[in-house]
Amino acid sequence: MTAPTNSTAPQTGAQAVIASAVDPARRPDVLLRKRRDEGHEISAWWMVGAFVAVSAAVVSLLSWVPGGS
């Protein structure tokens, strides 16, 4: 059920907000966020693998720091 729209009257309230809404993933100040198409999302295992790789790199670099036990 849709409400009738009057093209001569200005849009107010929720109609005006929805009409001027901007997708937050497309804002120019958002650097690392990207809206992907259905079925093209990144797998969660890439994030798990990245966490393991970064953790291993940090541990290996910290092993070069003198004064450890």
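Residues numbered from 1 in each chain as written. Predicted model: local features only at pLDDT ≥ 70, side-chain atom pairs only at ≥ 80, totals over all residues. Heavy atoms only, no water.

A.B. asks: Would you mind showing me how to read the overall build of the protein here?
C.D. replies: Along the protein, the regular secondary structure elements total two helices and zero strands. With 69 residues in all, the protein has 3% of them scored as buried. For the protein, the accessible area works out to roughly 6800 Å², and carbon and sulfur atoms hold 65% of it. (Helix = DSSP H or I, 4+ residues; strand = E, 2+ residues; numbered from the N terminus. Buried < 20%, exposed > 50% of the residue type's maximum accessible area, 1.4 Å probe, protein only. Areas by Shrake-Rupley, 256 points an atom, 1.4 Å probe, with all protein chains shown as cover.)

A.B. asks: I'm lost on the UniProt feature "transmembrane region" (unreviewed entry) in the protein in this one. Help?
C.D. replies: According to UniProt, the positions carrying the feature "transmembrane region" (unreviewed entry) are residues 43-65. Between the first and last C-alpha atoms of residues 43-65 the distance is 35 Å; the span itself is 83% helix and 0% strand. (UniProt positions renumbered as here; feature names shortened; annotations may be inferred.)

A.B. asks: What exactly am I supposed to notice about helix H2 (residues 44-62) here?
C.D. replies: Residue pairs three or four apart in sequence face the same way in an α-helix, which turns once every 3.6 residues. Compared with the 27 Å implied by 1.5 Å per residue over 19 residues, the 27 Å span of H2 between its first and last C-alpha is a close match. A small share of H2 lies buried, amounting to zero of its 19 residues. (Expected span 1.5 Å × (residues − 1).)

A.B. asks: Got a minute to help me understand a nonpolar patch on the surface in this structure?
C.D. replies: There is a patch of nonpolar side chains on the surface, built from Trp45, Val48, Phe51 and Val52 and spanning about 490 Å² of accessible area. Mapped onto the elements, valine 52 comes out in helix H2. (Patch = residues over 30% accessible without salt bridge, like charges linked within 9 Å, V, L, I, M, F, W, Y side chains within 5 Å. Salt bridge = Lys/Arg side-chain N within 4 Å of Asp/Glu carboxyl O.)

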